[in-house]
Amino acid sequence: MHDKPDETVGALIEEFLTARATRKPSPHTLAAYRRDLTAVAELIAADGDATPLPLDRVAVSSLSPRVMRAAFARFAAPRAAASVHRAWSTWNSFFTFLVAEGVVPGNPMPAVGRPRTPLPRPKPLRGEDTPEELLAAVARAEGRQRDPWPERDLAVLALALCAGLRLSELLALRVSSVAGRDGERRVDVAGKGGRPRTVPIEDSVDRVLAGYLDSRRLRFGARSVRPDAAFLVDRHGEALRRGGLQYLVESCYRRAGIGDRVPRGARLHALRHTFATRLAEDGASAAEIMRLLGHASLASSQTYIEVTAGQQRAAVAANRTNRALSGLAPRR
C-alpha cells in the first residue's frame, strides 16, 4: 500500500513503466506506453488552459470517470481508431496497476468509451509458388552480392516461413534456442509479451539451420556458435539488429524478383502470415495456429481460417460449370 493519499500522475507513470520493464517488453513497446500515457495526461493537465500544469502537479485523485472521458474525447478527435484503442488499453493497464498497488480505489476506464477496431487482415505473400521461388533464389549465391551468405539468409527465411517467428523473436534467438533430439527438433521462442512457446521444426528446416551454423564456424570460428550467442549475426559476426534484419529480408525479395508480391507494409511479417495461412489451408484449427504463432487471443488466429474460407469460396465461384448453371437454374 502507498502511504501518500494523493500522489501525482507524473510520478505514478514512471512507477508503472518501471514495473512494466521487469517483464522485458521491447523498447518500442515501452516507448508506446509512455507516449499514450503522457499524451492523455497532458490533456488532463491542460483542461482547456493555454498553460497546462506539469504532470508532477496533477493529483491522481483528480482522474475521475468524467475527467477521463473528456480527455479521451479530445485525444480521439484527430487520431485513428486503432491509436485510440491502444491508448485506452494502456490507460486500463495503468489503472489496474494503481488499483493493485492500493493507490486508487477503482479503475475508471470501463466508463470511458473506446472504438471497436477490426482485427488486421493477414498479408501473406501473393502467388501460389512465391515462397518456393523465394527460397530457391536465396539459396543461390549470386556474384552481384559483395559478400554472399546464402546459408544465413536461407535460415532467416526458413524460421519465418516454416516456424512463423516475428522479427523481435528472431532477434532474441540464441544458438541454444534450437534444441531437441533427432526427429523432435524444436525452436524455443521468447514470444510477445514475455510469453514463451515452443515451435516444432521439420528435418528440412533443421538441416538449413545446421548448415548456417557450420558456415558461421568457418567464417568466425567455433567460439562464435557458443550456446549463449545470438543465433542471427551480420557479416561481421555481430548480433543482427532490427534494421539489419529488415534490410536482409528486403534484399532477399529483390534477389528473388518478387517485390511486387509482397503486401505493402508487411516486410518480414508477410512470411509469418504466409506460414499461418498455409497452416489454415492445410486444415490446422484456430487453436493450433494460436499456439504455434503465440497469439494472445483465439480471435487473431481465426482471421487466417476466415481468409482461407473466403479463398475457397472464390475458387468455387470461378468454376465454369457454375456459370453455365446460372442460366439454367430458376431464380428464387
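Just above sits the structure.
Predicted, not measured: the structure shown is a model, and the values here were computed from it.

Calculation rules
- Residues numbered from 1 in each chain as written.
- Predicted model: local features only at pLDDT ≥ 70, side-chain atom pairs only at ≥ 80, totals over all residues.
- Heavy atoms only, no water.
- Helix = DSSP H or I, 4+ residues; strand = E, 2+ residues; numbered from the N terminus.
- Buried < 20%, exposed > 50% of the residue type's maximum accessible area, 1.4 Å probe, protein only.
- Polar contact = N/O pair within 3.5 Å; in protein donor to acceptor, adjacent residues only side chain to side chain.
- Contact = heavy atoms within 4.5 Å.
- Axes fitted to C-alpha atoms, helices over the stretch in contact; angles between N-to-C directions.
- Parallel < 35°, antiparallel > 145°, perpendicular 65-115°, else oblique.
- Left-handed = near helix turned anticlockwise from the far one by under 90°.
- Phe/Tyr/Trp six-rings, centres within 6.5 Å; stacked < 30°, edge-to-face > 60°.
- Lys NZ or Arg CZ within 6 Å of the ring centre and 35° of its normal.
- Pairing = 2+ DSSP bridges.
- Nonpolar A, V, L, I, M, F, W, Y, C, P; charged D, E, K, R; others polar.

**Q** Just to check I follow, could you spell out the side chain of Asp153 for this structure?
**A** As for its placement among the helices and strands, Asp153 is situated in helix α6 (residues 150-163). Residue class for Asp153 comes out buried when judged on its relative accessible area of 2%. Polar side-chain contacts of Asp153 include one of 2.7 Å to the side chain of Arg152. Setting aside its immediate chain neighbours within four residues, Asp153 contacts Val138, Gln145, Arg235, Leu248, Cys252 and Arg255.

**Q** In this structure, what is going on with the packing of helix α5 (residues 130-139) against α6? I would like to understand it.
**A** Helix-helix packing is described using two parameters, namely the angle between the two axes and the distance between the axes. Packing of α5 against α6 brings their axes to within 8 Å, and their N-to-C directions diverge by 160 degrees. Here α5 is positioned roughly antiparallel relative to α6, judged by the angle of their axes. Of the two possible hands of crossing, α5 and α6 adopt the one that is left-handed. Residues Pro131, Leu134, Leu135, Val138 and Ala139 of α5 form the contact with α6, whose participating residues are Pro150, Asp153, Leu154, Leu157 and Leu161.

**Q** How should the packing of aromatic side chains be read in this particular structure?
**A** The geometry of two aromatic rings is summed up by the distance between their centres and the angle between their planes. In the structure shown here, the tally under the stated rule is ten aromatic pairs. Aromatic pair Phe16 and Phe94: ring centres 5.5 Å apart, planes at 75 degrees, arrangement edge-to-face. Placement of the pair is Phe16 in helix α1 (residues 9-21) and Phe94 in helix α4 (residues 81-100), with a sequence separation of 78 residues. Seen in terms of ring centroids, Trp149 and Phe220 are 5.9 Å apart; in terms of plane orientation they differ by 65 degrees. Their pairing is edge-to-face. Here the residue Trp149 occupies a position in the loop between α5 and α6, and Phe220 occupies one in helix α8 (residues 203-220), the gap between them amounting to 71 residues. Residue classification places Trp149 among the buried residues on the basis of a relative accessible area of 0%. An aromatic cluster of three or more residues is present, and its members are Phe16, Tyr33, Trp91, Phe94, Phe95 and Phe97. We note Arg79 situated over the ring of Phe75; from NZ or CZ to the ring centre the distance is 3.9 Å.

**Q** I tried to follow the pairing of strand β2 (residues 186-190) on my own but got confused; where do I start?
**A** Each regular strand displays side chains that alternate between the two surfaces of the sheet. Residue alternation in β2 divides its side chains into a buried set, Val187 and Val189, and an unburied set, Arg186, Asp188 and Ala190. Direction of pairing for strand β1 (residues 178-179) relative to β2: antiparallel, over a ladder of two bridges. Opposite Val178, over in β2, you have Val187 as the bridge partner. Turn length for the β1-β2 hairpin, with the two strands adjacent in sequence and antiparallel, is six residues, and the turn residue Gly180 shows positive phi of about 105 degrees. Bridge analysis of β2 against strand β3 (residues 196-200) gives five bridges, and the strand direction is antiparallel. Each bridged residue has a counterpart across the sheet, and for Val189 the counterpart in β3 is Arg197.

**Q** What am I meant to see in unusual backbone geometry here?
**A** Negative phi values dominate among residues other than glycine, just as trans dominates among peptide bonds. One non-glycine residue, Arg267, adopts positive backbone phi at about 50 degrees. Of the residues examined, Arg267 reaches a relative accessible area of 39% and is grouped as partly exposed.

**Q** It is not clear to me how the sheet that holds β2 should be interpreted in this structure. Could you clarify?
**A** Two strands in a sheet stick together by hydrogen bonds in their backbones, pointing the same way (parallel) or opposite ways (antiparallel). Spatially, the three strands line up as an open sheet ordered β1-β2-β3, and their pairing is antiparallel. Only two strands of the sheet have a single neighbouring strand rather than two, namely β1 and β3.

**Q** Would you mind going over the packing of α6 against helix α10 (residues 269-281) with me for this structure?
**A** Remark: α6 packs on α10, axes separated minimally by 6 Å, with the N-to-C direction vectors making an angle of 40 degrees. The pairing of α6 with α10 is recorded here as oblique in orientation. Where α6 abuts α10, its residues Leu157, Ala160, Leu161, Cys162 and Ala163 lie against Leu271, Arg272, Thr274 and Phe275. Here the contact of α6 with α10 is composed, by residue class, of seven nonpolar, one polar and one charged.

These figures capture arrangement, not role.
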